[in-house]
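Given next are the chains, with one letter for each unit.
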Amino acid sequence: QVQLVESGGGLVQPGGSLRLSCAASGFNLDYYAIGWLCQAPGKEREGVSCISSGSIVDYVDSVKGRFTISGDSAKNTVYLQMNSLKPEDTAVYYCNARIVLLSRYYDYWGQGTQVTVSS
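A. Representation of the layout of surface pockets in the model. Roughly 250 Å³ of internal volume is contained in the largest pocket. Forming the walls of the largest pocket are 19 residues, and the residues nearest its centre are C38, E46, S62, E88 and D89. Elements that contribute at least two residues to the lining of the largest pocket include exactly β4 (33-39), β5 (46-52) and β9 (91-101). Its residues placed into classes, the lining of the largest pocket shows 8 nonpolar, 4 polar and 7 charged. Computed from the structure, the second largest pocket encloses a volume of approximately 190 Å³.

B. Region of the structure containing the state of the cysteines. A complete count under the given rule lists 1 disulfide for this structure. The residue that forms a disulfide with C22 is C95, at a sulfur-sulfur distance of 2.0 Å. Disulfide C22 to C95: torsion about the S-S bond roughly -80 degrees, handedness left-handed. With a gap of 73 residues between them, C22 in strand β3 (residues 18-25) and C95 in strand β9 connect regions that are remote in the sequence. The thiol of C38 is not disulfide-bonded; the next cysteine sulfur, from C50, is found 13 Å away.

C. Representation of the pattern of salt bridges within the structure. Applying the stated criterion to the full structure yields 3 salt bridges. Its salt-bridge partner being K64, residue D61 comes within 3.1 Å of it at the nearest N-O pair. The partly exposed category is assigned to K64, whose relative accessible area is 47%. Among the ionic pairs, R98 bridges to D107, the shortest N-O distance being 2.8 Å. By relative accessible area, which is 34% here, R98 ends up partly exposed.

D. Geometry of the pairing of strand β10 (residues 104-109). Direction of pairing for β9 relative to β10: antiparallel, over a ladder of 6 bridges. By the bridge assignment, L101 is partnered in β10 with R104. Counted along the chain from β9 to the antiparallel partner β10, the turn is 2 residues long, and its residue L102 has a positive phi close to 55 degrees.

Parameters and conventions
Residues numbered from 1 in each chain as written. Predicted model: local features only at pLDDT ≥ 70, side-chain atom pairs only at ≥ 80, totals over all residues. Heavy atoms only, no water. 1 Å grid on protein atoms, 1.4 Å probe; cavity = no way out; pocket = protein on both sides within 12 Å on 5 of 7 lines; lining within 4 Å. Points joined across faces, edges and corners; volume = space filled by probe spheres on them. Helix = DSSP H or I, 4+ residues; strand = E, 2+ residues; numbered from the N terminus. Nonpolar A, V, L, I, M, F, W, Y, C, P; charged D, E, K, R; others polar. Disulfide = S-S within 2.5 Å. Salt bridge = Lys/Arg side-chain N within 4 Å of Asp/Glu carboxyl O. Buried < 20%, exposed > 50% of the residue type's maximum accessible area, 1.4 Å probe, protein only. Pairing = 2+ DSSP bridges.

Have a look at this one:
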């Protein structure tokens, strides 16, 4: 079956680190553009980072220099390394995989993983 499963969230102190994982089953992430998005309570989901074509990456300004997106084709997994975490990073983080077929977009979503940054 087709699945996108996120893991790695948790509770960390300010300045700490987490590594989020987005593991695909039933499809190959190498064919997709991958995005990490976050959603805080009462707010809209917003983009954090994305990777396409295996190497082209982008980040929202608030996480540049702190977060790193990467992929491991052998494990069919994309990661978000989160360093120097701040309380304002607290949110549910989602993984999205998008592919374009015949000029149409098709999306898979993970279930989300909670990141809480607190002392």
